[in-house]
Amino acid sequence: MKYMRGEHPIEISSMAAIEEFLDEHPNVYVGDPHKCKRLVEAMLWIGRSGAQGRFLPQSYGQWNSVYKRFNRWAKAGVWEGMLRYFAQDSDMEAIMRDATFIPAQACAAGGKGETSLSI
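Residues numbered from 1 in each chain as written. Predicted model: local features only at pLDDT ≥ 70, side-chain atom pairs only at ≥ 80, totals over all residues. Heavy atoms only, no water.

Peer 1: In this structure, what is going on with the overall build of the protein chain? I would like to understand it.
Peer 2: Helix and strand content of the protein chain: four helices and zero strands. Moving toward the C terminus, one meets the helices and strands of the protein chain in the order α-α-α-α. Out of the 119 residues in the protein chain, the part that is buried amounts to 30%. Long-range contacts, defined here as pairs at least 24 residues apart, represent 65% of the contacts in the protein chain between residues at least 6 apart. (Helix = DSSP H or I, 4+ residues; strand = E, 2+ residues; numbered from the N terminus. Buried < 20%, exposed > 50% of the residue type's maximum accessible area, 1.4 Å probe, protein only. Contact = heavy atoms within 4.5 Å.)

In structure tokens form, the structure reads like this:
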């Protein structure tokens with residue numbers, strides 16, 4: 001797979017640890033390891049860039065498929081479990097992001113008619 005500017009492949013050792021976690025999770029089907037790696041990289045690209053999913057580079061696959069899988073994993077607790085699983089692993093620090101590192105999209109600023117809170 002060729003990587004475009006701004007894309008960051010997951011190291012082999014890190015992906016092996018992620019695959020091990022996913023294999024053991026009851027709500028995840030990994031399937032083809034290469035497709036799984038591409039899917040996880042796509043999800044991480046969206047998190048790192050802060051871009052909307054529909055702007056996902058085509059090299060990662062269909063943005064809607066990535067979104068659907070991400071959403072299923074979120075509802076099944078996969079992401080929360082993964083954060084807990086890798087929380088103490090310093091080698092996974094660059095991969096596992098919490099909300100303090102993920103930039104918000106412009107539409108996250110609030111919509112028309114919402115009241116603002118002051119502290």
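The rest of the description comes next.
Peer 1: Could you clarify how one ought to interpret the pattern of salt bridges in this entry?
Peer 2: Pairing between side chains of opposite charge can happen when their charged atoms approach one another. The full count for this structure, using the stated rule, is two salt bridges. Across the pair K37 and E41 runs a salt bridge whose closest N-O atoms are separated by 2.7 Å. With a gap of four residues between them, K37 and E41 both fall in helix α2 (residues 33-49), about one helical turn apart. Between E80 and R84 there is a salt bridge whose closest N-O contact spans 2.8 Å. (Salt bridge = Lys/Arg side-chain N within 4 Å of Asp/Glu carboxyl O.)

Peer 1: Help me understand α2 in this model?
Peer 2: The α-helix winds at 3.6 residues per turn, so residues separated by three or four positions along the chain end up facing the same way. In this model, α2 (17 residues) spans 24 Å end to end at C-alpha, consistent with the 24 Å of a helix rising 1.5 Å per residue. C36, K37, L39, V40, E41, A42, M43, L44, W45 and G47 are the residues of α2 that are buried. Contacts from the buried residues of α2 go to α1 (12-24), α3 (63-75) and α4 (78-86). (Expected span 1.5 Å × (residues − 1).)

Peer 1: Hey, could you run me through the confidence of the model for the protein chain in this one?
Peer 2: The predicted coordinates of low-pLDDT regions are not to be read in fine detail. When pLDDT is averaged along the protein chain, the result is 76, and 71% of the positions lie at 70 or above. Per-element confidence in the protein chain is highest for α3, whose mean pLDDT is 91, and lowest for α4, whose mean pLDDT is 85. This model gives residues 1-5 a pLDDT under 50, and the stretch forms 11 contacts once residues within four places in sequence are excluded. (pLDDT = per-residue confidence, 0-100.)

Peer 1: Looking at this structure, I do not really get the packing of α1 against α2. What am I missing?
Peer 2: When two helices pack together, their arrangement is captured by the angle between the axes and the distance separating the axes. Look at α1 against α2: their axes get within 11 Å of each other, and the N-to-C directions meet at 100°. Here α2 runs roughly perpendicular to α1, going by the angle between their axes. Counted together, M15, I18, E19 and L22 of α1 and P33, C36, K37 and V40 of α2 form the full contact between these two elements. Split into classes, the residues belonging to the contact of α1 with α2 amount to six nonpolar, no polar and two charged. (Axes fitted to C-alpha atoms, helices over the stretch in contact; angles between N-to-C directions. Parallel < 35°, antiparallel > 145°, perpendicular 65-115°, else oblique. Nonpolar A, V, L, I, M, F, W, Y, C, P; charged D, E, K, R; others polar.)

Peer 1: How should I be thinking about the nonpolar core in this particular structure?
Peer 2: The tendency in soluble globular proteins is for nonpolar side chains to be buried as a group. Ranked by size, the top nonpolar core spans 25 residues in total, and within it I18, L22, V40, W73, V78, M82 and F86 carry the most contacts. Sorting the residues of this core by element identifies α1, α2, α3 and α4 as the ones contributing at least two each. No other element matches the seven residues that α2 contributes to this core. Apart from the residues within four sequence positions on either side, L22 is in contact with V28, V30, C36, V40, W73, V78 and M82. (Core = buried A, V, L, I, M, F, W, Y, C linked by side-chain atoms within 4.5 Å.)

Peer 1: Got a minute to help me understand the environment of S65 in this structure?
Peer 2: Locating S65 in the fold gives a position in helix α3. The exposure class of S65 is partly exposed, given its relative accessible area of 46%. Counting along the chain gives 12 residues from S65 to G53, while the straight-line C-alpha distance between them is 10.0 Å.

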